[in-house]
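Observations on the three-dimensional arrangement
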Amino acid sequence: MGFDALYILELTLVIIASLPCDHETYILPVLMVTSEGSELGEHIEMQDLFLVNSRDGQNHHKLDTYHTISLIINRIIGTGIFSTPALIFTLCQQSIGISIVLWMLGGIFTFAGLSVYLEFGLKIPKSGGEKNYLSRTLPTPKHLIECVYAFTIVLLGFSSGNSYAFGKYIIYVLGLNSQLSDSIIDKLSRYIGSAVVISCTLWHIYFPTGAKKSILYLGFVKVLILASIVLLGLVAIIAPSVIEPHWDNFENSFSHGSQSIDWYSISVALLQVIYSFKGWENANYVLEELEDPHKTLMIAAPVSVGLTTFLYIAIVISYYIVIPKDEISNTGILISGVFFEKNFEKYSKSLAAQIVSRFLPFCITLSNYGNVMAVSFSNARVNQELAKEGIFPFTHIFSKLNYALFLHCFVTILVLIIPPNGNVYQLIIDLYAYPSGWFNLIIGVGLVYMHWTNNDNWNDIPTPWTSWYVLTGIFIVSNLFLAVVPFVPPNGSVENDGYAYWVFPVSGIAVMAVGAVYWYFFVKKNYSEYTVALNSEDYEVYNE
């Protein structure tokens, strides 16, 4: 697996270097940090593979309300709603009632989080999202929380989940899932996912304006797909002769069998629900690119979250109406594809129905691709902002956006390739979502503290929105639950789909701890000298 990752990295560099573009030569100072401090090394003349002369940079336009809504929706609607409902249903011990409640709670928690992030975004209208809010809520020890967050967002803020699902859906659309073994499908999905994130990275680097437009257009496609699923669910209700509804699914809907409730599984299910809503904070990462950030954020964020919450709950109910209960768990991450097949199984001899059963799942692969595009767009900018702070390793490289994009691409490929065979999708989404619970907990508690103490005159900053205490409290409690409960062993087993139950929470904590260790040995001692070197007249940070 390690060889595969290195091979893909080498191949990526070769492809990038071979693409036609105008390269420039510039002087890059090399920063050398020693035990005695920091100093600037010699200037090295080199060719920057990613320094592209593009007209896009000369015609940069701010994002208005409409475009921001599309950006948020495109980030929220990725793989989750199309892939995780079956996993969530299974983790809820095949209880339809409990799973629907979790989806509703996911919407409530998202609105609570949006309330907190709206206040921070309106009072700190800077790109970077959590980086700025954590710095404000936990300023001491100086730069500790920034280092912890930096390692987490870089190592765990990947696009692997959506990239992997893209691969599985493409295999399904091509009709190869019945011809290949599970192990071959798993490995092929990882390689296809790697190709997806590489293509997104190259698109952002060489055709940034086209990449932004594709994100916006794919947002329309996603909303249309969700609306079509809801419409088919309504047809099953209104015209049962056309699409057969399974109302027996809702009998004893809160029954979870003879076993007692497995709170570990419930917490993991809720974690995956929240993952499906992940992206509601996307505009906070790029606030400086918004036109009139206060007005745009205040309108775009609530509209986006409200629309997706309604569609999500309606879609889950539509799945449960059309697909028999005893088949839901077996659908896995292909539940939406099975949903379309069930709707048209009466007309399976019709060529048109066959096209629809393949074409609509293909639209879902476009949704996955759009999400990878959006995540790369925003997370690379967070990486860049962290590098600008001077606490990031190789900050003189990653403070340039295109190198930050490549970093995100490389980590995504590693996460796809390295894990052993198994239910890698569930492990990936758990790793991706878990650490954010700790950061959101700090942000929520910090906001309450600043409200009570008016720290740094926080309450005196005029904004059109201040988070209500009840919403902030819900945000805190929900993230505390998500941070603690995954450490509780599941009933009767120490494994969860082939992995020990403690793997993803311990891995998340370990990555955060590495950030703290890095702060103690490198940043705490050398930061002042480091920033002096960064700000010297002989050094220039290149940004797009």
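Each remark here, short or long, concerns the structure printed above.
Model, not experiment: these values are computed from the prediction.

Where burial is concerned, most of helix H6 (residues 130-137) is hidden: six out of the eight residues are buried. By the burial criterion, the buried members of H6 are Glu130, Lys131, Asn132, Tyr133, Leu134 and Thr137.

With that out of the way, let us pick up the side chain of Thr110. In this fold, Thr110 is placed in helix H5 (residues 96-123). According to the relative accessible area criterion, Thr110 is buried, its value standing at 4%. A polar atom in the side chain of Thr110 sits 2.7 Å from the backbone oxygen of Gly106. Leaving out residues up to four positions away in the same chain, Thr110 has contacts with Phe277, Trp280 and Val305.

Following the sequence through the fold, Gly370 ends up in helix H16 (residues 351-388). For the pair Gly370 and Ala211, spaced 159 residues apart in sequence, the C-alpha separation works out to 9.5 Å. The contact partners of Gly370, leaving out residues within four places of it in the chain, are Asn74, Leu218 and Lys222.

Together, Leu231, Leu234, Ile237, Ile238 and Trp247 line one region of the surface with nonpolar side chains, adding up to about 530 Å² of accessible area. Considering the arrangement of structural elements, one finds Trp247 in the loop between helix H10 (208-238) and helix H11 (263-277).

This part is about the packing of H5 against helix H13 (residues 293-322). At a minimum axis distance of 11 Å, the contact between H5 and H13 shows a crossing angle of 175 degrees. Judged on the interaxial angle alone, H13 and H5 are roughly antiparallel. Tallied by class, the residues present in the contact of H5 with H13 amount to 18 nonpolar, seven polar and no charged.

The subject of this paragraph is the pattern of salt bridges. Taken as a whole, this structure holds nine salt bridges when the rule is applied. Measuring nitrogen to oxygen at the nearest pair gives 3.0 Å for the salt bridge that ties Arg190 to Asp186. Of this pair, Arg190 and Asp186 both sit in helix H9 (residues 182-206), four residues apart, which is roughly one turn of the helix. The exposure class assigned to Arg190 is buried, which follows from its relative accessible area of 2%. Asp186 sits in the buried class, given a relative accessible area of 6%. With a shortest N-O distance of 2.7 Å, Arg381 and Glu289 are connected by a salt bridge. Residue Arg381 is found in helix H16, and its partner Glu289 is found in the loop between helix H12 (282-285) and H13; the two are separated by 92 residues along the sequence. If you follow the salt bridges from partner to partner, you end up with Lys212, Glu289 and Arg381 in one network.

When we look at a pair of aromatic rings, we describe it by the centre distance and by the angle of the planes. Applying the stated criterion across every chain, the model contains 22 aromatic pairs. Residues Phe166 and Tyr369 carry aromatic rings whose centres are separated by 6.1 Å and whose planes lie at 50 degrees to one another, so their mutual orientation is tilted. Residue Phe166 is located in helix H8 (residues 160-173), and its partner Tyr369 is located in helix H16; the two are separated by 203 residues in the primary sequence. Taking the relative accessible area as the measure of exposure, Phe166 reaches 13% and is therefore buried. Judged by relative accessible area, which is 15%, Tyr369 ranks as buried. Both rings, one in Trp247 and one in Phe250, keep their centres 6.2 Å apart while their planes meet at 45 degrees; by these two values the pair is tilted. Residue classification places Trp247 among the partly exposed positions, given a relative accessible area of 45%. One aromatic cluster in this structure is built from Tyr117, Phe120, Tyr133, Trp280, Trp458 and Phe475. If you follow Arg381 out to its NZ or CZ, it ends over the ring of Phe377, 3.8 Å from the centre.

As a further point, take a negative patch on the surface. On the surface, a cluster of negative charge is made up of Glu244, Asp248, Glu251, Asp326 and Glu345. When you line up the elements, Asp248 lands in the loop between H10 and H11.

Think of an α-helix as 3.6 residues a turn; residues three or four steps apart then line up on the same face. With 28 residues, H5 extends 41 Å between its outermost C-alpha atoms, agreeing within 8% with the 40 Å of an ideal straight helix rising 1.5 Å per residue. The buried count for H5 comes to 23 of 28 residues, which makes it a mostly enclosed element.

With that settled, the discussion passes to unusual backbone geometry. Between Thr140 and the following residue, Pro141, the backbone shows a cis peptide bond with an omega angle of -5 degrees. With respect to the element layout, Pro141 can be found in the loop between H6 and helix H7 (144-156). A positive phi angle, near 75 degrees, is found at His143, a position not held by glycine. For His143, a relative accessible area of 11% corresponds to the buried category. Here the phi dihedral of Asp292 falls at roughly 50 degrees; this positive angle occurs in a residue that is not glycine. The topology assignment puts Asp292 in the loop between H12 and H13.

Parameters at a glance
- Residues numbered from 1 in each chain as written.
- Predicted model: local features only at pLDDT ≥ 70, side-chain atom pairs only at ≥ 80, totals over all residues.
- Heavy atoms only, no water.
- Buried < 20%, exposed > 50% of the residue type's maximum accessible area, 1.4 Å probe, protein only.
- Helix = DSSP H or I, 4+ residues; strand = E, 2+ residues; numbered from the N terminus.
- Polar contact = N/O pair within 3.5 Å; in protein donor to acceptor, adjacent residues only side chain to side chain.
- Contact = heavy atoms within 4.5 Å.
- Patch = residues over 30% accessible without salt bridge, like charges linked within 9 Å, V, L, I, M, F, W, Y side chains within 5 Å.
- Areas by Shrake-Rupley, 256 points an atom, 1.4 Å probe, with all protein chains shown as cover.
- Salt bridge = Lys/Arg side-chain N within 4 Å of Asp/Glu carboxyl O.
- Axes fitted to C-alpha atoms, helices over the stretch in contact; angles between N-to-C directions.
- Parallel < 35°, antiparallel > 145°, perpendicular 65-115°, else oblique.
- Nonpolar A, V, L, I, M, F, W, Y, C, P; charged D, E, K, R; others polar.
- Phe/Tyr/Trp six-rings, centres within 6.5 Å; stacked < 30°, edge-to-face > 60°.
- Lys NZ or Arg CZ within 6 Å of the ring centre and 35° of its normal.
- Lys, Arg positive; Asp, Glu negative; His and termini not counted.
- Charge placed at Lys NZ, Arg CZ, Asp CG, Glu CD.
- Expected span 1.5 Å × (residues − 1).

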